[in-house]
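Coordinate inspection notes
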Amino acid sequence: MERKKEGFTNQRAIVLPEAIKKILVGNELTNLLYVTDIGYYPHATGHYRARRYGSQQHILIYCTEGEGWYSIHGQRQKVCKDQFFIIEAGLPHIYAASENSPWSIYWLHFTGEKSHLFNSFYNKLHKIDESPNARIKDRMQLFEEIYQNLEMGYSIENLEYTTLCLWHFIASFKFVSQFREINRAKQGDVTQEAISYMRKNIEKKLSLDDIAGSVNYSSSHFGQVFLKKSGYTPLNYFNQLKIQRACQLLDFSDLKIKEIAEQLGFYDQYHFSKVFYKQIGETPSSYKKRNKG
């Protein structure tokens, strides 16, 4: 099989000119972390790269289909779908696509004054499982944000924007659990599960028994667990969520205060105003008039 560095059907790649790299180094925002090369090689039959003296930048390779391998210090490691690795700058290496099932990879080279902050997971193979909360598309959207903005040219605004996207993109690999948190309540965390239940039933008059029952706890035990974890009683926390929603309705709807009180399950407007004042420190009508943003 022919070994190739590049030249794959539907491939995409951008390599920043040296003059642009100098601009990145001289910019206070971009010099901390920036992309120098970026691309996508689909079904990259024959893909093979060997660098005897390593690369001047760190190299991130994310395999989304097929298989491949990389070798560092003479140790060869197979790479499969949903796995990624980052090769540290200056480290001799080889990587290549499998002959039988060549990989599809998203890749980029990056460097900068703060690029060492991610070195705890360099030179290792990592797996990203396809859970319901994986946010694979969101991660790839970040890649596209970087690629497409660079494709539009090297204005200072584009360079600075791609740097900020790069921080988030790399963080989505290093902090997988945190990246997924937006789409889930932690499994086995009764406090998070109870908060999710409260949010889904924000318009109801829930009792402590209702909330505790949603996570199959007794009221007394659940109250202690929730207070220890959150610092609030369950009903106090539920009222916080209600008032947070009330503030949004006051800001972004034409509903009257009485209507908001009814919509959020308060006994009456007086009860709503009392709880609102306790949480916010002013009346709903005063809050609505205040300039915000």
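That block above? That's the structure.
Below or above, wherever it landed, is the structure these notes cover. The structure presented is a predicted model; accordingly, all values stated were derived computationally and were not measured.

1. As for the overall build of the protein chain
Within the protein chain one finds 11 helices and 10 strands. Along the first, second and third principal axes, the C-alpha set of the protein chain runs to 75 × 45 × 30 Å. Burial status across the protein chain gives 45% buried among its 293 residues. Relative to all contacts within the protein chain whose residues are 6 or more apart in sequence, the contacts with residues 24 or more apart total 70%. On the protein chain, roughly 16200 Å² of surface is accessible, and the fraction owed to carbon and sulfur atoms is 48%. Considering the protein chain, the positive charge centre built from 38 side chains and the negative charge centre built from 31 side chains are found 4 Å apart.

2. Some details on the packing of helix 8 (residues 234-252) against helix 10 (residues 269-280)
Pairs of packed helices are described in terms of their axes, by the angle between the two and the distance that separates them. Where helix 8 meets helix 10, the closest approach of the two axes is 10 Å, and the angle between their N-to-C directions is 95°. Relative to helix 10, the element helix 8 lies roughly perpendicular. On the side of helix 8, the interface is formed by Asn236, Asn239, Gln240, Ile243, Ala246, Cys247 and Leu250, while helix 10 contributes Phe272, Val275, Phe276, Gln279 and Ile280. A per-class count over the contact of helix 8 with helix 10 returns 8 nonpolar, 4 polar and no charged.

3. Things to note about the pattern of salt bridges
Within this structure, the stated rule accounts for 6 salt bridges. For the salt bridge of Lys21 with Glu18, the shortest nitrogen-to-oxygen distance reads 3.1 Å. Here the residue Lys21 and the residue Glu18 both occupy positions in helix 1 (residues 18-26), the gap between them amounting to 3 residues, near one helical turn. Salt-bridge contacts for Lys78 lead to Glu67; the nearest nitrogen and oxygen are separated by 3.7 Å. Of this pair, Lys78 sits in strand 6 (residues 75-79) while Glu67 sits in the loop between strand 4 (58-65) and strand 5 (68-72), placing them 11 residues apart in sequence.

4. Looking at the nonpolar core
Core analysis: the largest hydrophobic core is formed by 33 residues, its most contacted members being Ile38 and Phe110. Elements represented by at least two residues in this core include exactly helix 1, strand 2 (34-41), strand 4, strand 7 (83-87), strand 9 (104-111), helix 2 (136-151) and helix 3 (156-174). Residues contacting Ile38, with those up to four places away along its chain left out, are Arg12, Ala13, Ile14, Trp107, Leu108, Phe143, Ile146, Tyr147 and Leu150.

5. Here we look at helix 3
Residues spaced three or four apart along an α-helix face the same direction, because each turn holds 3.6 residues. Its 19 residues give helix 3 an end-to-end C-alpha distance of 27 Å, which sits within 8% of 27 Å, the value for a rise of 1.5 Å per residue. Those residues of helix 3 that fall on the buried side of the exposure criterion are Asn158, Leu159, Thr162, Thr163, Cys165, Leu166, Phe169, Ile170, Ser172 and Phe173.

6. Remarks on the sheet that holds strand 10 (residues 125-127)
With respect to topology, 6 strands assemble into an open sheet ordered 1-2-9-4-7-10, the strand pairing being antiparallel. Sheet topology places strand 1 (12-15) and strand 10 at the edges, where each strand pairs with a single neighbour. The average undirected angle you get between the axes of adjacent strands in this sheet is 20°. Pairing analysis gives 3 bridges linking strand 7 to strand 10, with the strands arranged antiparallel. Bridge pairing links Phe85 to Leu125 in strand 10. In the packing of helix 3 onto the sheet, contacts are made with strand 2, strand 4, strand 7 and strand 9, and the angle to strand 9 comes to roughly 120°.

7. Regarding unusual backbone geometry
Residue His73 is not a glycine yet carries a positive backbone phi of 55°. With respect to the helices, strands and loops of the structure, His73 is situated in the loop between strand 5 and strand 6. His73 gets classed as exposed once you look at its relative accessible area, which sits at 65%. Its identity as a non-glycine residue notwithstanding, Asp82 has a phi of 70°, on the positive side. Here Asp82 shows up in the loop between strand 6 and strand 7.

8. Digging into the side chain of Asn149
Examined against the element boundaries, Asn149 turns out to sit in helix 2. By relative accessible area, which is 19% here, Asn149 ends up buried. Not counting the four nearest positions on each side in its chain, Asn149 is found in contact with Glu144, Asn158, Tyr161 and Thr162.

About the thresholds
Residue numbering note: each chain is counted from 1, following its sequence as written. In view of the model being predicted, local features appear only for residues whose pLDDT reaches at least 70, and side-chain atom pairs are presented and counted only at 80 or more, with totals across whole chains, interfaces and linings using the full set of residues. Side-chain measures were taken over the full set of non-hydrogen atoms in the model, leaving aside hydrogen atoms and water. Secondary structure elements follow DSSP: runs of H or I of four or more residues count as helices, runs of E of two or more count as strands, with numbering from the N terminus. Burial classes: relative accessible area under 20% of the type maximum marks a residue as buried, over 50% as exposed, and values in between as partly exposed (1.4 Å probe, protein chains only). Pairs of residues are marked as contacts when any of their non-hydrogen atoms sit within 4.5 Å. The Shrake-Rupley method, run with a 1.4 Å probe sphere, supplies the accessible areas, and residue values consider only the shown protein chains as cover. Here the positive residues are Lys and Arg and the negative ones are Asp and Glu; neither His nor the chain ends is included. The atoms used to mark charge sites are NZ of Lys, CZ of Arg, CG of Asp and CD of Glu. All axes are obtained by fitting lines to C-alpha atoms, using only the stretch in contact for helices, and the reported angles, taken between N-to-C directions, cover 0 to 180 degrees. What sets the label is the angle itself: under 35 degrees gives roughly parallel, over 145 gives roughly antiparallel, 65 to 115 gives roughly perpendicular, and the rest give oblique. All residues other than Ala, Val, Leu, Ile, Met, Phe, Trp, Tyr, Cys, Pro, Asp, Glu, Lys and Arg, Gly among them, are scored as polar; the first ten of these are nonpolar and the last four charged. Any carboxyl oxygen of Asp or Glu within 4 Å of a side-chain nitrogen of Lys or Arg constitutes a salt bridge here. Grouping buried Ala, Val, Leu, Ile, Met, Phe, Trp, Tyr and Cys residues that are joined through side-chain atoms within 4.5 Å yields what is termed a nonpolar core. Take the number of residues in a helix, subtract one, and multiply by 1.5 Å to get its expected span. The pairing criterion is simple: DSSP has to find at least two bridges between the two strands.

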